[in-house]
Amino acid sequence: MDNMNEQKDPLADLGVILYYINLDRDTARRDDMEQQAREQGVLLHRIPGVFGADLKPEDLRSYDDKRRKRLSTASLGKGELGCLLSHIKAFRTFLDSDAKYAVIFEDDAVILPEFSDKLRYIIEHTSGWGYVKLYSDPTKMYETNINPEGTEVKLAFHKKLPWKTVAYMLTREAAKKLLNLFTDRYWLPVDAQLAYFLMRYDIPAPGVMENIVSTRYPFNEQSTINEMEDRRAPEPGNSQKHCICRSLVRYLNYRWHTWTMSYLKLRGRHTLRKKLQFR
């Protein structure tokens, strides 16, 4: 992990540490993040990203390709796996520190001018959450009546996936739980897998209604850490009948997965209402 700038950390009194994930080869993005750190007056720590092309079979012991193939004709690509493992690396790095909270950026993040003040507000005036998304598509949020009148930073729950992982904050407890879950098994891209774990295991996960982080790329583009189009083609069937049966089973599994996620989203909203507190 590299310190990106040597200035005093203005958020240190909150017990929060800021990381960002960046491939060694992406020096232009690293320079951009360093410049942002200087302009915004924050202290960032670089986590070298995992380059998918360098992955070996022993690096993927927790990847469940069989479960993946129940939902899709293709395995996760090396870029997707590298992206996911980079976030796992960030969780481990955070837990090796003494910080109470961590903010994790991807290197296409844009830190907005109000970032520090609003992050401070969330930590000082809210509790009960385990994970907070700092960048989302506002049109894909439930405006639940969970925010008291006069709240400076409004929090809400997400109603659609994917969530993207441009920037988020999490507690030590949430990081420990997520690290254990990812170490045990994963089968989805990192944003969808995070969403599944957060909702399935009742980790309260609101997002900010007004973003305090933006991105240099639209919602339909991706980071260079996840840019390799290397998904394996579907395996040929033994016969047309075999292909039809396999497609039907995959479709039923996908519909079951979709229904499960819809149920988990309802449960996630209930968990958030129950546990989120303002002070």
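Everything below is about the structure printed above this text.
Residues numbered from 1 in each chain as written. Predicted model: local features only at pLDDT ≥ 70, side-chain atom pairs only at ≥ 80, totals over all residues. Heavy atoms only, no water.

Colleague: I'd like a description of the overall build of the chain, backed by residues and values.
Modeller: When you go through the chain residue by residue, the secondary structure sums to seven helices and 13 strands. Residue burial in the chain is summarised as follows: out of 279 residues, 54% are buried. Contacts in the chain between residues far apart in sequence, at least 24 positions, make up 85% of those at least 6 positions apart. Carbon together with sulfur atoms contributes 48% to the accessible area of the chain, which is approximately 14,000 Å² in total. (Helix = DSSP H or I, 4+ residues; strand = E, 2+ residues; numbered from the N terminus. Buried < 20%, exposed > 50% of the residue type's maximum accessible area, 1.4 Å probe, protein only. Contact = heavy atoms within 4.5 Å. Areas by Shrake-Rupley, 256 points an atom, 1.4 Å probe, with all protein chains shown as cover.)

Colleague: Help me get a handle on the pattern of salt bridges, residues and values and all.
Modeller: Where side chains of opposite charge bring their charged atoms close, a pairing between them can arise. Counting across every chain of the model gives 10 salt bridges. The shortest N-O distance in the salt bridge between Lys 118 and Glu 210 comes to 3.9 Å. Taken together, the positions of Lys 118 in helix H4 (residues 115-125) and Glu 210 in the loop between strand E11 (207-208) and strand E12 (213-215) put the pair 92 residues apart, joining distant regions of the chain. Residues joined by salt bridges that share partners form a network here, namely Asp 13, Arg 120 and Glu 124. (Salt bridge = Lys/Arg side-chain N within 4 Å of Asp/Glu carboxyl O.)

Colleague: Hey, could you go over the nonpolar core for me, with residue numbers and the actual values?
Modeller: If you look at the biggest cluster of nonpolar residues, it comprises 80 residues, and the most contacted ones within it are Val 16, Phe 105, Phe 115, Leu 134, Met 169, Leu 170 and Val 213. Among the elements that make up this core, the one with the highest residue count is helix H3 (residues 78-95) (nine residues). Excluding residues within four positions of it along the chain, Phe 115 makes contact with Leu 11, Leu 18, Val 42, Val 103, Phe 105, Leu 134, Ile 212 and Val 213. (Core = buried A, V, L, I, M, F, W, Y, C linked by side-chain atoms within 4.5 Å.)

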